[in-house]
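Spelled out from the first residue to the last, the chains are:
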Amino acid sequence: MVRQKRKILVCLFDPAEQQLVARRLIDLGYEIVDFQKDGQDTADLFLLDTPSASRIGQKVLARKEAEDVFLPAVIALQEDDDIDKWLTAGFDEFLRLPVTEAELKARVEIMLRMREQSQELIKKSETIYQALVESSDDHIFILDGDGVFRSSNGRVVHLG
């Protein structure tokens, strides 16, 4: 099975830093999504610096919150930036700028591994849930928030 390239949205204020980080990630085999060029917020990991986070951070964190699985958001900080502020805001990890290639690789790989594990856990729980519902002798059905029938395990007893 061919694995699809992981997408990383990189949005750094300094163009030279943006280019350096993007080049390093491409060399590691990742696909780069540039928010400024693409206006896209779909990625497997978000990497922002503080000026970019001040501008689009709320949108990124809202996207993270809406995701069913862990979606890592990493903040790139200058030496004097406060870490706690950004972790409290909802970012999962931080890097210090200028970032070394080894640190970038390690942090990104750890965050993406956590995302993959989250995806695997959801698949396993869905499989278990489906097996329980299908093996039940009771009629189990699902309604959406508007009361519309969405699915059933097929154990319907017809009345009448």
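Structure first, text after, so check above.
Residues numbered from 1 in each chain as written. Predicted model: local features only at pLDDT ≥ 70, side-chain atom pairs only at ≥ 80, totals over all residues. Heavy atoms only, no water.

Things to note about a nonpolar patch on the surface
Heads up, the condition is: A residue counts toward a patch only above 30% relative accessible area and without a salt bridge, and it is joined to like-charged neighbours within 9 Å or, for Val, Leu, Ile, Met, Phe, Trp and Tyr, to nonpolar neighbours within 5 Å. Calculation of accessible area relied on Shrake-Rupley with a 1.4 Å probe; when residues are assessed, cover is drawn exclusively from the protein chains displayed. For this document, the term salt bridge refers to a Lys or Arg side-chain nitrogen within 4 Å of an Asp or Glu carboxyl oxygen. Helix numbers and strand numbers start at the N terminus; a helix is a DSSP run of H or I with at least 4 residues, a strand a run of E with at least 2. Think of it in three bands: residues with accessible area under 20% of the maximum for their type are buried, residues over 50% are exposed, and the middle band is partly exposed, with areas taken using a 1.4 Å probe on protein chains only.
On the surface, F141, L143 and F149 cluster together to form a nonpolar patch covering roughly 300 Å² of accessible area. Counting through the fold element by element, F141 comes out in strand β6 (residues 141-143). By relative accessible area, F141 is classed as partly exposed at 43%.

Points about the packing of aromatic side chains
Two descriptors summarise a pair of aromatic rings, namely the distance from one centre to the other and the angle between the planes of the rings. Note the threshold: Between rings of Phe, Tyr and Trp, where Trp is taken as its six-membered ring, a pair exists when centres lie within 6.5 Å; planes separated by under 30 degrees are stacked, by over 60 edge-to-face, and by other angles tilted. In this analysis the charged atom, NZ for Lys or CZ for Arg, is taken to sit over a ring once it is within 6 Å of the ring centre and within 35 degrees of the ring normal.
Evaluation of the coordinates by the stated rule reveals one aromatic pair. Directly above the aromatic system of F94 lies the positively charged group of R107, at a separation of 5.5 Å from the ring centroid.

With respect to the side chain of T50
Note the threshold: Note on definitions: a residue-residue contact is assigned when non-hydrogen atoms from the two residues lie within 4.5 Å.
Relative to the elements of secondary structure, T50 occurs in helix α3 (residues 50-66). Here T50 is in contact with I75, A76, L77, D81 and W86, once residues within four sequence places are set aside.

A look at the nonpolar core
Stated formally: Residues belong to one nonpolar core when they are buried, are Ala, Val, Leu, Ile, Met, Phe, Trp, Tyr or Cys, and are joined through side-chain atoms within 4.5 Å.
Core analysis: the largest hydrophobic core is formed by 18 residues, its most contacted members being L9, F46, L48, I75 and F91. In terms of residue count, α3 provides more of this core than any other element does, four residues in total. Sequence-distant contacts of L48, that is, excluding residues within four places in its chain, are made with L9, C11, L12, A53, I56, G57, V60, V74, I75, A76 and F91. In terms of nonpolar packing, the next biggest core, distinct from the first, is built from 17 residues, I8, V74, L95 and L97 among them.

Quick notes on unusual backbone geometry
Along the chain, L97 connects to P98 via a cis peptide bond; the corresponding omega equals -5°. Position of P98 relative to the elements: it lies in the loop between β5 (93-96) and α5 (101-135).

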